[in-house]
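# Structure at a glance
Read off the chains here:
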Amino acid sequence: MSISAEEIKAMAKSLGFDKVGIVPAEALTDEARDLREWLGLGFHGKMEYMARDPEQRADPRLLLPSARSVVCVALNYYRPERHSDDPSIGKISRYAWGDDYHEVLRDKLKSLLAWIRESEPEAEGRICVDSAPMMDKAWAVRAGFGWIGKHTNLITKEMGSWVFLGELLLSIELEYDSTIEPDHCGKCTACIDACPTGAIVGPYRLDATHCISYATIELRDESLPETVASHLDNWIFGCDICQDVCPWSRFSKQTAEERFTPRPQLITPDLNWLAGMTQEEFSATFRKSAIKRTKLSGMRRNALTAMKN
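### Focus: unusual backbone geometry
Its identity as a non-glycine residue notwithstanding, Thr152 has a phi of 75°, on the positive side. The topology assignment puts Thr152 in the loop between strand S5 (147-148) and strand S6 (154-155). For Lys295, which is not glycine, the phi dihedral falls at a positive 65°.

Have a look at this one:
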């Protein structure tokens, strides 16, 4: 018995995904050109993995040769708690307050794939959540979820930009979505104006080497660049400024995903506590957390820089 696109969407929604769309697995041409241009400008900084096999990022059939369909999913992660302005308290991006989203989305997509295989035992599939070289935002646009804003994040009309994205590549043909959401940024430049480091160098163009999120998470240098350090404002893992100021954030609503419930110590983390952590404390505190990516050395560096400022 063959399975339908509508059945897959209904199951994905029952697993907790807020948006589901299905599009054909084909090469991304315009998006691939934009990626090559961005890489050519060096805006990826020291994220060498971004420059590795850009062609593979543009064609899902290079990840799964039998791929015929891309099931795109979005999961709201917004929580209404606020960051503290206390100079002794650090700021962590909302996306990392709860459990690691990689694990949450991957678990749900594994369940979806297992369910599909009950009807289609021969179906091949591959789960993509960040670690796979997929252009998540480009696929989300194709699936009709929203548009890429001037801050380069995907914006949805229903939830703003507070969404995680993932894909399930499938070897089966399905009915496909074709509606594309137009760009609703208009003349607004709120995100560009608010970025303290000038990382948004123009509409829809981000220079990661000046981005607080890049510096506090991806950068492995012993010290933060001065352009970032002098504007850190206690951000020690990520930064939410461009999302917070976006007018579409007024439609934010609290996530229904329990695994994104904030860990209390991560909403208002004490900088002295973070700077003095042992490896054992770091591993225990950030178990099943996206924050483990920055490693103990990165967290200490970020906390000490914030304290110095």
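Back to the write-up after that little detour.
### Observations regarding the nonpolar core
Of all hydrophobic cores here, the largest spans 59 residues; its most connected members are Ile8, Val71, Tyr95, Leu112 and Leu170. When sequence neighbours within four positions are dropped, the list of residues in contact with Val71 reads Ile8, Val20, Gly21, Ile22, Leu112, Gly166, Glu167, Leu168 and Leu170. Val23, Val70, Phe145 and Cys195 belong to the second largest nonpolar core, which has 40 residues in total.

### Re the pairing of strand S7 (residues 163-170)
With 8 of 8 residues buried, S7 is to be regarded as a mostly interior element. Pairing of strand S2 (residues 69-76) with S7 involves 8 bridges; the strand directions are antiparallel. Residue pairing across strands places Ser69 opposite Leu170, the latter belonging to S7. In this sheet, S7 lies alongside strand S4 (residues 125-128) in antiparallel orientation, the contact comprising 4 bridges. What sits directly across from Cys128, in S7, is Glu167.

### Focus on the sheet that holds S4
Taking strand neighbours across the sheet as the criterion, the 4 strands line up as S1-S2-S7-S4 in an open arrangement whose pairing is antiparallel. The sheet is open, and its two borders are formed by strand S1 (19-24) and S4, each paired with just one other strand. For this sheet, the mean angle separating the axes of adjacent strands, direction not counted, is 20°. The sheet contact formed by S1 and S2 spans 6 bridges and is antiparallel.

About the criteria used
- Residues numbered from 1 in each chain as written.
- Predicted model: local features only at pLDDT ≥ 70, side-chain atom pairs only at ≥ 80, totals over all residues.
- Heavy atoms only, no water.
- Helix = DSSP H or I, 4+ residues; strand = E, 2+ residues; numbered from the N terminus.
- Core = buried A, V, L, I, M, F, W, Y, C linked by side-chain atoms within 4.5 Å.
- Buried < 20%, exposed > 50% of the residue type's maximum accessible area, 1.4 Å probe, protein only.
- Contact = heavy atoms within 4.5 Å.
- Pairing = 2+ DSSP bridges.
- Axes fitted to C-alpha atoms, helices over the stretch in contact; angles between N-to-C directions.

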